[in-house]
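Structural features, examined
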Amino acid sequence: MIRRSDEIQDSRIENFKGGNGSIISHPFIASPDDLWGKGRVFSFMTLEENCEIGWHVHEGDGEIFCILEGEGEFNDNGTLTTLRSGDVAYTSPGEGHAFKNLHAEPLRFIALVLYT
């Protein structure tokens, strides 16, 4: 199967996980069924300036972020760090995270959520 970029509908999600602003999601999959029951999210994400994904804990799944462009403040279980283009962050089941773009340039990354 091939999904062409122009066939994928972007969505703007306000206050994602309680965060400020919005996140733009460009899902690579049409539904979780496309991940063969192994996960639920595989998307190209964009956070604009001062937008964030709010703090949340993963239960029954984990998440991987691969940073493509920009830089952001990543809260890794209460430890703040900066993620930049080329960095990868893993959040295991039972752990929590949040992510914020503090810069004028868009922060772009791939998000993959897999079940445990």
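In short, a report on the structure. (Residues numbered from 1 in each chain as written. Predicted model: local features only at pLDDT ≥ 70, side-chain atom pairs only at ≥ 80, totals over all residues. Heavy atoms only, no water.)

**Here's the deal with the side chain of threonine 46**
Which entries qualify depends on this criterion: Only DSSP runs of H or I with at least four residues qualify as helices, and only runs of E with at least two residues qualify as strands; both kinds are numbered from the N terminus onward. Contacts are assigned to residue pairs that have any heavy atoms within 4.5 Å of one another.
In this fold, threonine 46 is placed in strand β3 (residues 39-47). Here threonine 46 is in contact with Ser22, Ile23, Ile24, Pro106, Leu107 and Arg108, once residues within four sequence places are set aside.

**A word on the sheet that holds strand β7 (residues 79-84)**
The cut-off we apply is this: Should DSSP find at least two bridges between two strands, the strands are taken to pair. Every axis in this analysis is a line fitted to C-alpha atoms, fitted for helices over the stretch in contact. Angles between the N-to-C directions lie between 0 and 180 degrees.
Pairing within the open sheet is antiparallel, and its four strands lie in the order β4-β9-β6-β7. The open sheet terminates on both sides in strands that have one partner only, identified here as β4 (52-57) and β7. Each adjacent strand pair in this sheet contributes to an overall mean axis angle of 20°, direction not counted. As defined by bridge partners, strand β6 (residues 71-76) adjoins strand β9 (residues 96-100) across four bridges and the pair is classed as antiparallel.

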